[in-house]
Amino acid sequence: GPAQLTAKVILKEETIEGSLFCILFIMSILILNLYKHEIDKHKELINKISTEKMKVENRLFDSEQYIGITNVQIQEIKYIFNSIDKFPETKDDLKKAFSFFGERVIGIVNSNWVLFRIIDINTQRTNYDHFVTRQGFSCSYPHVSNKMVIEKQPILPFIYVNSNARNLNILVSCIMPIDKISNDQRIFVQAIINEITKLFVILNSLYYKKENKIFIEDIPDKK
(Lines give C-alpha, C1' and ligand atoms only; values in the text may rest on other atoms or scores of the structure.)
Protein backbone atom coordinates (compact mmCIF):
# COMPACT_ATOMS: atom_id res chain seq x y z
CA GLY A 1 0.00 0.00 0.00
CA PRO A 2 0.95 3.68 0.06
CA ALA A 3 2.39 3.37 3.57
CA GLN A 4 4.78 0.60 2.54
CA LEU A 5 5.83 2.58 -0.56
CA THR A 6 6.48 5.64 1.56
CA ALA A 7 8.51 3.59 4.01
CA LYS A 8 10.60 2.14 1.18
CA VAL A 9 11.27 5.62 -0.27
CA ILE A 10 12.23 6.93 3.16
CA LEU A 11 14.51 3.93 3.74
CA LYS A 12 16.09 4.37 0.31
CA GLU A 13 16.66 8.09 0.97
CA GLU A 14 18.19 7.31 4.35
CA THR A 15 20.45 4.72 2.73
CA ILE A 16 21.56 7.23 0.08
CA GLU A 17 22.08 9.92 2.71
CA GLY A 18 24.04 7.51 4.87
CA SER A 19 26.17 6.50 1.90
CA LEU A 20 26.76 10.15 0.99
CA PHE A 21 27.64 10.91 4.60
CA CYS A 22 30.11 8.06 4.63
CA ILE A 23 31.63 9.25 1.36
CA LEU A 24 31.88 12.85 2.63
CA PHE A 25 33.35 11.63 5.93
CA ILE A 26 35.99 9.60 4.11
CA MET A 27 36.75 12.55 1.79
CA SER A 28 37.05 14.83 4.81
CA ILE A 29 39.54 12.45 6.40
CA LEU A 30 41.53 12.29 3.14
CA ILE A 31 41.50 16.08 2.78
CA LEU A 32 42.56 16.52 6.43
CA ASN A 33 45.41 14.07 5.92
CA LEU A 34 46.41 15.94 2.77
CA TYR A 35 46.38 19.27 4.65
CA LYS A 36 48.31 17.72 7.52
CA HIS A 37 50.90 16.42 5.08
CA GLU A 38 51.19 19.85 3.45
CA ILE A 39 51.43 21.53 6.87
CA ASP A 40 54.21 19.13 7.89
CA LYS A 41 56.03 19.89 4.64
CA HIS A 42 55.72 23.63 5.26
CA LYS A 43 56.90 23.22 8.87
CA GLU A 44 59.90 21.25 7.65
CA LEU A 45 60.61 23.93 5.03
CA ILE A 46 60.31 26.68 7.66
CA ASN A 47 62.70 24.82 9.97
CA LYS A 48 65.14 24.32 7.10
CA ILE A 49 64.94 28.02 6.20
CA SER A 50 65.48 28.97 9.87
CA THR A 51 68.51 26.67 10.07
CA GLU A 52 69.96 28.09 6.86
CA LYS A 53 69.28 31.62 8.14
CA MET A 54 71.20 30.85 11.35
CA LYS A 55 74.09 29.42 9.32
CA VAL A 56 74.20 32.53 7.13
CA GLU A 57 74.06 34.79 10.20
CA ASN A 58 76.89 32.81 11.83
CA ARG A 59 78.97 33.01 8.64
CA LEU A 60 78.26 36.73 8.44
CA PHE A 61 79.32 37.16 12.08
CA ASP A 62 82.48 35.12 11.46
CA SER A 63 83.19 37.20 8.34
CA GLU A 64 82.77 40.44 10.27
CA GLN A 65 85.13 39.15 12.97
CA TYR A 66 87.64 38.02 10.34
CA ILE A 67 87.46 41.37 8.55
CA GLY A 68 87.96 43.16 11.88
CA ILE A 69 90.98 41.02 12.76
CA THR A 70 92.38 41.42 9.24
CA ASN A 71 92.01 45.21 9.46
CA VAL A 72 93.91 45.20 12.76
CA GLN A 73 96.66 43.08 11.20
CA ILE A 74 96.87 45.36 8.16
CA GLN A 75 97.16 48.41 10.41
CA GLU A 76 99.84 46.66 12.47
CA ILE A 77 101.80 45.74 9.33
CA LYS A 78 101.53 49.33 8.04
CA TYR A 79 102.68 50.54 11.45
CA ILE A 80 105.68 48.23 11.34
CA PHE A 81 106.86 49.23 7.89
CA ASN A 82 106.18 52.94 8.39
CA SER A 83 107.73 53.22 11.86
CA ILE A 84 111.29 52.21 10.97
CA ASP A 85 112.72 55.36 9.43
CA LYS A 86 116.36 54.42 10.03
CA PHE A 87 118.34 51.24 10.49
CA PRO A 88 119.77 50.34 13.93
CA GLU A 89 123.39 51.39 14.36
CA THR A 90 124.00 50.56 18.03
CA LYS A 91 123.07 47.92 20.60
CA ASP A 92 120.49 50.27 22.05
CA ASP A 93 118.91 50.82 18.63
CA LEU A 94 118.80 47.07 18.05
CA LYS A 95 117.15 46.38 21.42
CA LYS A 96 114.52 49.05 20.75
CA ALA A 97 113.77 47.52 17.35
CA PHE A 98 113.38 44.04 18.86
CA SER A 99 111.15 45.38 21.66
CA PHE A 100 109.00 47.11 19.05
CA PHE A 101 108.66 43.93 17.00
CA GLY A 102 107.96 41.88 20.13
CA GLU A 103 105.09 44.13 21.18
CA ARG A 104 103.56 43.81 17.70
CA VAL A 105 103.72 40.01 17.83
CA ILE A 106 102.27 39.85 21.36
CA GLY A 107 99.34 42.01 20.26
CA ILE A 108 98.51 39.87 17.25
CA VAL A 109 98.96 36.31 18.57
CA ASN A 110 97.69 37.14 22.09
CA SER A 111 100.79 35.77 23.79
CA ASN A 112 102.21 36.66 27.21
CA TRP A 113 105.75 36.81 25.86
CA VAL A 114 107.83 36.37 22.73
CA LEU A 115 111.45 35.33 22.33
CA PHE A 116 113.41 36.38 19.25
CA ARG A 117 116.57 34.38 18.69
CA ILE A 118 119.21 34.65 15.97
CA ILE A 119 121.15 31.41 15.60
CA ASP A 120 124.36 30.62 13.71
CA ILE A 121 123.34 27.59 11.65
CA ASN A 122 126.87 26.16 11.40
CA THR A 123 127.78 26.35 15.10
CA GLN A 124 124.20 26.32 16.50
CA ARG A 125 125.36 29.19 18.70
CA THR A 126 122.99 32.00 19.68
CA ASN A 127 124.22 35.18 18.00
CA TYR A 128 121.59 37.30 19.70
CA ASP A 129 118.26 36.90 21.45
CA HIS A 130 115.71 39.27 22.88
CA PHE A 131 112.94 38.43 25.35
CA VAL A 132 109.79 40.60 25.39
CA THR A 133 106.91 40.15 27.87
CA ARG A 134 103.41 41.59 27.85
CA GLN A 135 103.13 44.73 29.98
CA GLY A 136 102.40 43.75 33.59
CA PHE A 137 103.35 40.10 33.03
CA SER A 138 106.51 38.52 34.40
CA CYS A 139 108.01 35.05 33.91
CA SER A 140 111.36 33.32 33.85
CA TYR A 141 113.44 33.15 30.68
CA PRO A 142 112.36 30.12 28.59
CA HIS A 143 114.97 27.48 27.75
CA VAL A 144 114.76 26.49 24.09
CA SER A 145 117.19 24.22 22.24
CA ASN A 146 118.83 25.83 19.19
CA LYS A 147 119.36 22.38 17.69
CA MET A 148 115.65 21.59 17.88
CA VAL A 149 114.75 24.97 16.39
CA ILE A 150 117.14 24.46 13.47
CA GLU A 151 115.82 20.93 12.88
CA LYS A 152 112.21 22.20 13.21
CA GLN A 153 111.37 19.72 15.97
CA PRO A 154 108.31 20.30 18.20
CA ILE A 155 109.18 22.16 21.41
CA LEU A 156 106.10 21.89 23.61
CA PRO A 157 104.49 23.91 25.06
CA PHE A 158 105.87 26.50 22.64
CA ILE A 159 105.23 27.39 19.00
CA TYR A 160 107.95 28.97 16.89
CA VAL A 161 108.26 30.43 13.41
CA ASN A 162 111.62 30.44 11.60
CA SER A 163 113.05 32.63 8.87
CA ASN A 164 113.05 31.04 5.43
CA ALA A 165 116.14 32.63 3.83
CA ARG A 166 118.28 29.76 2.51
CA ASN A 167 121.36 31.70 1.48
CA LEU A 168 122.35 32.93 4.95
CA ASN A 169 124.36 31.39 7.77
CA ILE A 170 121.85 32.64 10.33
CA LEU A 171 118.36 31.57 11.27
CA VAL A 172 115.92 33.96 12.94
CA SER A 173 113.28 32.33 15.15
CA CYS A 174 110.25 33.77 16.93
CA ILE A 175 109.20 31.59 19.89
CA MET A 176 105.81 31.99 21.64
CA PRO A 177 104.01 30.16 24.52
CA ILE A 178 100.76 29.47 22.65
CA ASP A 179 98.87 26.30 21.68
CA LYS A 180 98.20 27.13 18.04
CA ILE A 181 98.68 29.85 15.47
CA SER A 182 96.42 30.66 12.52
CA ASN A 183 97.70 30.96 8.98
CA ASP A 184 97.12 34.73 9.02
CA GLN A 185 99.04 35.08 12.30
CA ARG A 186 101.88 32.95 10.90
CA ILE A 187 102.10 35.20 7.83
CA PHE A 188 102.23 38.24 10.11
CA VAL A 189 104.99 36.77 12.30
CA GLN A 190 106.88 35.70 9.16
CA ALA A 191 106.78 39.31 7.94
CA ILE A 192 108.24 40.43 11.29
CA ILE A 193 111.00 37.82 11.05
CA ASN A 194 111.83 38.93 7.51
CA GLU A 195 112.26 42.50 8.76
CA ILE A 196 114.48 41.33 11.63
CA THR A 197 116.57 39.29 9.19
CA LYS A 198 117.03 42.34 6.96
CA LEU A 199 118.07 44.51 9.89
CA PHE A 200 120.59 41.95 11.10
CA VAL A 201 122.06 41.41 7.62
CA ILE A 202 122.39 45.18 7.18
CA LEU A 203 124.23 45.41 10.53
CA ASN A 204 126.43 42.59 9.37
CA SER A 205 127.27 44.34 6.10
CA LEU A 206 127.89 47.66 7.87
CA TYR A 207 130.39 46.38 10.44
CA TYR A 208 131.68 42.89 9.62
CA LYS A 209 131.88 41.00 6.36
CA LYS A 210 133.59 37.84 7.48
CA GLU A 211 131.46 34.77 6.70
CA ASN A 212 128.19 36.61 7.29
CA LYS A 213 128.75 36.45 11.07
CA ILE A 214 128.05 39.11 13.64
CA PHE A 215 127.60 38.95 17.40
CA ILE A 216 125.87 41.37 19.74
CA GLU A 217 129.13 42.05 21.58
CA ASP A 218 130.66 43.26 18.30
CA ILE A 219 128.03 45.97 17.76
CA PRO A 220 129.13 49.37 19.09
CA ASP A 221 127.44 50.85 22.15
CA LYS A 222 125.28 53.93 21.93
CA LYS A 223 127.34 56.97 21.04
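Before any of the text, the structure's been laid out above.
As the structure is a computational prediction, the values presented were derived from the model and not from experiment.

Across its full length, the protein carries four helices and four strands. Ordered by position from the N terminus, the helices and strands of the protein form the series α-α-β-β-α-β-β-α. Considering the protein as a whole, with its 223 residues, one finds that 30% of them fall into the buried category. Put simply, the protein shows about 15300 Å² of open surface, and 59% of that area lies on carbon and sulfur atoms.

A surface patch of nonpolar side chains, about 780 Å² in accessible area, is lined by Ile16, Leu20, Ile23, Leu24, Met27, Ile31, Tyr35 and Ile39. The residue Tyr35 is located in helix H1 (residues 2-83) in this model. Exposure remark for Tyr35: the relative accessible area of 54% places this residue in the exposed category.

Turning to the nonpolar core, a few remarks are in order. Membership of the largest hydrophobic core comes to 31 residues, with the highest contact counts inside it found for Val105, Phe116, Met176 and Val189. Counting residues per element, this core draws most heavily on helix H2 (residues 91-109), at nine residues. Aside from chain neighbours lying at most four places away, what touches Phe116 is Phe98, Phe101, Gly102, Val105, Tyr128, Asp129, His130, Ser173, Cys174, Ile192 and Ile196. If you look at the next biggest cluster of nonpolar residues, it comprises ten residues, including Ile119, Val144, Ile155 and Ile175.

Cis geometry is found at the peptide bond from Leu156 to Pro157, where omega equals 10°. Residue placement: Pro157 occurs in the loop between helix H3 (146-150) and strand S3 (159-162). Located in the positive-phi region is Asn110, a residue other than glycine, with phi close to 55°. Counting through the fold element by element, Asn110 comes out in the loop between H2 and strand S1 (113-120).

Reading the values: the criteria
Residues numbered from 1 in each chain as written. Predicted model: local features only at pLDDT ≥ 70, side-chain atom pairs only at ≥ 80, totals over all residues. Heavy atoms only, no water. Helix = DSSP H or I, 4+ residues; strand = E, 2+ residues; numbered from the N terminus. Buried < 20%, exposed > 50% of the residue type's maximum accessible area, 1.4 Å probe, protein only. Areas by Shrake-Rupley, 256 points an atom, 1.4 Å probe, with all protein chains shown as cover. Patch = residues over 30% accessible without salt bridge, like charges linked within 9 Å, V, L, I, M, F, W, Y side chains within 5 Å. Salt bridge = Lys/Arg side-chain N within 4 Å of Asp/Glu carboxyl O. Core = buried A, V, L, I, M, F, W, Y, C linked by side-chain atoms within 4.5 Å. Contact = heavy atoms within 4.5 Å.

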